[in-house]
Amino acid sequence: PEIATYMLTGILLDTNNYKNRTGLRTYEASMILKESGADNGLATEFLKEEYEEHQLKTKIMASSETPYYGVVVCKASDDDIIDRTILAKVGEEILDVKEIKACFVIGRISDNVVGISARSDGTINVQKIMESMNGGGHFSSAATQIEDSNIEEVKKMLYSKLEGFVGDTRIE
């Protein structure tokens with residue numbers, strides 16, 4: 001049961017609680033784990049975030065801007081070092097908002113590196129945008145890292161790249 005619970009936790013994490021990348025085999029595997037004693041409540045408890053993490057995510061989300069319809073850009077403070085997973089979690093959470101097509105979350109991930117975590121609902125190819133900034137990933141989940149820059153400079157670089165990919169939906 002303990003191992004089955006850990007494996008179920010992994011499925012919940014990878015699929016964002018069955019919201020993404022799921023199919024019949026995902027549900028079959030979950031059913032087998034339940035039959036093996038997996039504890040849904042405990043798996044969910046493992047995935048809860050610490051209060052401080054929640055506060056940091058909220059602070060980053062509060063900086064949201066919408067340079068284009070359906071596109072959100074938000075950033076952490078240049079003084080904070082942010083774990084890359086936090087940037088990704090913020091992006092995933094913002095995608096849960098109606099009519100958001102893509103989200104770009106910018107934050108300092110070490111003393112001299114600024115990262116961008118990019119997420120999309122599948123209508124905007126964030127991989128191409130991140131590749132244009134020397135990053136990579138997948139169509140709906142990508143990232144990049146930029147050395148020796150600050151968050152504002154990276155945001156300006158991102159905005160200039162968005163112009164070529166998002167088109168004429170700019171919000172004035």
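Anything mentioned here points back to the structure above.
Attention in this report is confined to the structure presented alongside it. (Residues numbered from 1 in each chain as written. Predicted model: local features only at pLDDT ≥ 70, side-chain atom pairs only at ≥ 80, totals over all residues. Heavy atoms only, no water.)

1. Observations concerning helix H2 (residues 24–35)
Move 1: Counted at 1.5 Å a residue, the expected span for H2 with its 12 residues is 16 Å, and the 17 Å between its end C-alpha atoms agrees.
Move 2: For H2, every residue scored as buried is listed here: Thr26, Ser30 and Leu33. For H2, the angular spread of buried residues about the axis comes to 60°, placing them on one side. Exposed positions of H2 whose direction lies more than 90 degrees from the buried face are Leu24, Arg25 and Glu35.
Move 3: Of the surrounding elements, those touching the buried residues of H2 are helix H1 (2–14).
Move 4: A positive backbone phi angle near 100° is found at glycine 37, which sits one or two residues after H2. (Helix = DSSP H or I, 4+ residues; strand = E, 2+ residues; numbered from the N terminus. Expected span 1.5 Å × (residues − 1). Buried < 20%, exposed > 50% of the residue type's maximum accessible area, 1.4 Å probe, protein only. Arc of directions from axis to C-beta. Contact = heavy atoms within 4.5 Å.)

2. Digging into unusual backbone geometry
Move 1: In this model, asparagine 16 sits at a positive phi of 50°, which is unusual for a non-glycine residue.
Move 2: With respect to the helices and strands, asparagine 16 occurs in the loop between H1 and H2.
Move 3: Of note, the phi angle at asparagine 17 is positive, near 55°, even though the residue is not glycine.
Move 4: Positionally, asparagine 17 belongs in the loop between H1 and H2.

3. Some words on helix H7 (residues 151–166)
Move 1: Its 16 residues give H7 an end-to-end C-alpha distance of 21 Å, which sits within 8% of 22 Å, the value for a rise of 1.5 Å per residue.
Move 2: Elements in contact with the buried residues of H7: strand S1 (65–68), strand S2 (71–75), strand S3 (102–110), strand S4 (113–120), helix H6 (126–131) and strand S6 (141–147).
Move 3: Residue asparagine 150 occupies the N-cap position of H7, its side-chain oxygen lying 3.0 Å from the main-chain nitrogen of glutamate 152. (Polar contact = N/O pair within 3.5 Å; in protein donor to acceptor, adjacent residues only side chain to side chain.)

4. Here's the deal with a nonpolar patch on the surface
Move 1: Together, Tyr6, Leu13, Leu42, Phe46 and Leu47 give the surface a local cluster of nonpolar side chains, amounting to about 480 Å² of exposed area.
Move 2: Mapped by element, the contributors of at least two residues to the nonpolar patch are H1 and helix H3 (40–46).
Move 3: Relative to the helices and strands, leucine 42 resides in helix H3. (Patch = residues over 30% accessible without salt bridge, like charges linked within 9 Å, V, L, I, M, F, W, Y side chains within 5 Å. Areas by Shrake-Rupley, 256 points an atom, 1.4 Å probe, with all protein chains shown as cover. Salt bridge = Lys/Arg side-chain N within 4 Å of Asp/Glu carboxyl O.)

5. Some details on the sheet that holds S6
Move 1: If you trace the 6 strands from one edge of the open sheet to the other, you get S1-S2-S3-S4-S6-S5, paired in mixed fashion. Looking at strand neighbours, the two that pair on one side only are S1 and strand S5 (136–138), the edges of this open sheet. Between one strand and the next, the sheet's axes are offset by a mean angle of 20°, whatever the strand orientation.
Move 2: Set on the sheet, H7 makes contact with S1, S2, S3, S4 and S6; between it and S2 the angle comes to about 170°. (Pairing = 2+ DSSP bridges. Axes fitted to C-alpha atoms, helices over the stretch in contact; angles between N-to-C directions.)

6. Let's talk about the environment of valine 154
Move 1: Within the secondary structure layout, valine 154 lies in helix H7.
Move 2: In the structure, valine 154 is positioned 40 residues away from valine 114 in sequence and 7.4 Å away in space, judged by C-alpha atoms.
Move 3: Contacts of valine 154, omitting those with residues within four sequence positions, involve Ile106, Val114, Ile116, Met133, Ile146 and Ser149.

7. A short note on the nonpolar core
As a rule of thumb, soluble globular proteins bury nonpolar side chains together.
Move 1: Formed by 22 residues in total, the largest nonpolar core has its most connected members in Phe104, Ile106, Ile116, Met130, Leu158 and Leu162.
Move 2: Secondary structure elements with two or more residues in this core: S2, S3, S4, H6, S6 and H7.
Move 3: Ranked by residues supplied to this core, first place goes to H7 with 6 residues.
Move 4: When neighbours within four sequence positions are excluded, methionine 130 is seen to be in contact with Phe104, Ile116, Ala118, Gly135, Gly136, Ala142, Ala143, Thr144 and Leu158.
Move 5: Core analysis: the next-biggest nonpolar cluster, separate from the first, contains 15 residues, Ile94, Leu95, Ile109 and Val113 among them. (Core = buried A, V, L, I, M, F, W, Y, C linked by side-chain atoms within 4.5 Å.)

8. Observations regarding the packing of aromatic side chains
Move 1: Following the criterion strictly, the structure yields 2 aromatic pairs and no others.
Move 2: For the pair tyrosine 6 and phenylalanine 46, a centre-to-centre distance of 5.4 Å together with 20° between the ring planes defines the contact as stacked. With tyrosine 6 in helix H1 and phenylalanine 46 in helix H3, the pair connects residues that are 40 residues apart, well separated along the chain.
Move 3: Residue tyrosine 6 is classed as partly exposed on the basis of its relative accessible area of 47%. (Phe/Tyr/Trp six-rings, centres within 6.5 Å; stacked < 30°, edge-to-face > 60°.)

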